[in-house]
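# Structural features, examined
If you want the building blocks of each chain, they are given just below.
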Amino acid sequence: MGSNKDKTEYSDTGLGQVVVEGPDDPDILHDEVFGTITDQGPNYRNVGWLGSAALMMKSQIGLGVLSIPGAFDTLGLIPGVLCLLAVAVITTWSNHIVGVFKLNHPEIYGVADVGAMISGRLGREILGAGFALCISLADLTFGAGSGMLGASIGFNAVSTHGTCTAVFVAATAMAVICLSSIRTLGRLSLLAWGGLISLLVAVPPTSAEDGTG
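What counts, and at which threshold
Residue positions are counted from 1 within each chain, in the order its sequence is given. Given that this is a predicted model, residues contribute local features only at a pLDDT of at least 70 and side-chain atom pairs are listed and counted only at 80 or more, while totals for whole chains, interfaces and linings are drawn from all residues. Where side-chain values are given, they derive from all heavy atoms of the structure, hydrogens and water being excluded. To get an axis, fit a line to the C-alpha atoms, keeping to the stretch in contact for a helix; angles then go from 0 to 180 degrees between the N-to-C directions. Numbering goes from the N terminus for both helices and strands, where a helix is a DSSP run of H or I of at least four residues and a strand is a run of E of at least two. Comment on the angle field: the value is read as roughly parallel under 35 degrees, roughly antiparallel over 145, roughly perpendicular from 65 to 115, and oblique elsewhere. We call a crossing left-handed when the near helix sits turned anticlockwise from the far one by less than a right angle, and right-handed when that turn is clockwise. We call two residues in contact whenever any of their non-hydrogen atoms come within 4.5 Å of each other. Following the grouping adopted for this structure description, the nonpolar residues are Ala, Val, Leu, Ile, Met, Phe, Trp, Tyr, Cys and Pro, the charged ones are Asp, Glu, Lys and Arg, and the polar ones are all others, Gly among them. In this analysis, the expected span of each helix is defined as 1.5 Å times one less than the number of residues it contains. The cut-offs for exposure are 20% and 50% of the maximum accessible area for each residue type, with area from a 1.4 Å probe on protein chains only; residues under the lower value are buried, those over the upper are exposed, and the others partly exposed. UniProt positions are given in the numbering used here, feature names are shortened, and annotations may be inferred rather than shown by experiment. Patch members must show over 30% relative accessible area and no salt bridge, and they are joined within 9 Å when carrying like charges or within 5 Å when they are nonpolar side chains of Val, Leu, Ile, Met, Phe, Trp or Tyr. For the area figures, the Shrake-Rupley method with a 1.4 Å probe applies, and any residue is considered shielded solely by the protein chains shown. Salt bridges are defined by distance alone: a side-chain nitrogen of Lys or Arg within 4 Å of a carboxyl oxygen of Asp or Glu. Note on scores: pLDDT gives the predictor's confidence for each residue, bounded by 0 and 100.

### Some points on the packing of helix α4 (residues 111-159) against helix α5 (residues 165-180)
- Relative to each other, α4 and α5 sit at 125°, their axes nearing to 8 Å. The pairing of α4 with α5 is recorded here as oblique in orientation. Helix-helix and strand crossings are classified by hand; for α4 and α5 the assignment is right-handed. Residues M148, A151, S152, F155, N156 and S159 of α4 form the contact with α5, whose participating residues are T165, F168, V169, T172, A173 and V176.
- The class makeup of the residues in the contact of α4 with α5 is seven nonpolar, five polar and no charged.

Okay, here's the thing in structure tokens:
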């Protein structure tokens, strides 16, 4: 075993990484986001590949999957399948390009970093602000709003409008606030499984309703 005296540590501020080399140890890469990266890969903070799959599928499928039966009902079977395949191809190709870019530029973690690579600090500020605005409006506000609206509709359906819709929305909002306080992806992946299963269970009844409507 090599001692600490035998190891040389240096940093690359451009990459935000520190490499520790030792005669008896393989190169160990210390990353700002993933921590220590060994020859077995990064530590994904206890998420695991199953948890990552649940989080990705939940975010990719989302509430939009419930609109697919309605889209097929409007477009028809063949045009609907073609449109779905086109969207799938675009999404898959985009994910592939992002993955290749990340492998070639491991120091990049977000849109702001891409802006810095293109135009320095000005690009970082512009793209960072635009991305934050997009996430705040589209992903957080509209996404959470649509989720709370969907929950209120579901509560109204199962309770035959037992109380005011605003009460259901408020109750859902409180649940969202409590659950959003969970700060680690390892714990959030458990919620992602619940959300993913709920969506997949909801699709067949929605399809049947559109088919008989």
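### Structural notes on the packing of helix α2 (residues 68-75) against helix α3 (residues 77-104)
- At their nearest, the axes of α2 and α3 sit 7 Å apart, and the two run at 130° to each other. Taken as axis vectors, α2 and α3 run oblique relative to one another. For the element pair α2 and α3, the recorded crossing hand is right-handed. Where α2 approaches α3, its residues I68, F72 and L75 are matched on the opposing element by L77, P79, G80, V81, C83 and L84.
- Tallied by class, residues from the contact of α2 with α3 come to eight nonpolar, one polar and no charged.

### Observations regarding helix α1 (residues 48-61)
- With 14 residues, α1 ought to run about 20 Å at 1.5 Å a step, and its terminal C-alpha atoms sit 20 Å apart, in line with that.
- Two residues or fewer past α1, G62 is found with a positive phi of approximately 55°.

### Side note on the side chain of D113
- Summarising the element assignment, D113 is placed in helix α4.
- Overall, D113 belongs to the buried group, its relative accessible area being 18%.
- Setting aside residues no more than four positions away along its own chain, D113 makes contact with E107, I108 and R124.

### Digging into the UniProt feature "transmembrane region" (unreviewed entry) in the protein
- The positions UniProt marks with the feature "transmembrane region" (unreviewed entry) are residues 47-68, 74-93, 126-145, 157-178 and 190-208.
- This span, residues 74-93, is 95% helix and 0% strand, and a straight line between its end C-alpha atoms measures 27 Å.
- The annotated region residues 126-145 carries 100% helix and 0% strand content, and the separation between its end C-alpha atoms amounts to 27 Å.

### A word on a nonpolar patch on the surface
- On the surface, F101, V111, M117, I118, L122, I126, L127 and F131 cluster together into a nonpolar patch covering about 720 Å² of accessible area.
- Tallying contributions element by element places α4 first for the nonpolar patch, with seven residues.
- Considering the arrangement of structural elements, one finds I126 in helix α4.
- Looking at I126, the relative accessible area reads 54%, which means it is exposed.

### A short note on the pattern of salt bridges
- As enumerated under the stated definition, the model contains one salt bridge in all.
- As a salt-bridge pair, D113 and R124 come within 2.9 Å of each other at their nearest N and O atoms.

### Focus: the confidence of the model for the protein
- Across the protein, the average pLDDT comes to 75, with 75% of residues at or above 70.
- Averaged pLDDT values over the elements of the protein bottom out at 40 in strand β1 (residues 8-12) and peak at 90 in α3.
- In this model residues 1-25 is a low-confidence stretch, pLDDT under 50, and it forms 42 contacts with partners more than four residues away in sequence or in other chains.

### Quick look at the side chain of S152
- You can see S152 is positioned in helix α4.
- Not counting residues up to four positions away in its chain, the partners in contact with S152 are T165, F168 and V169.

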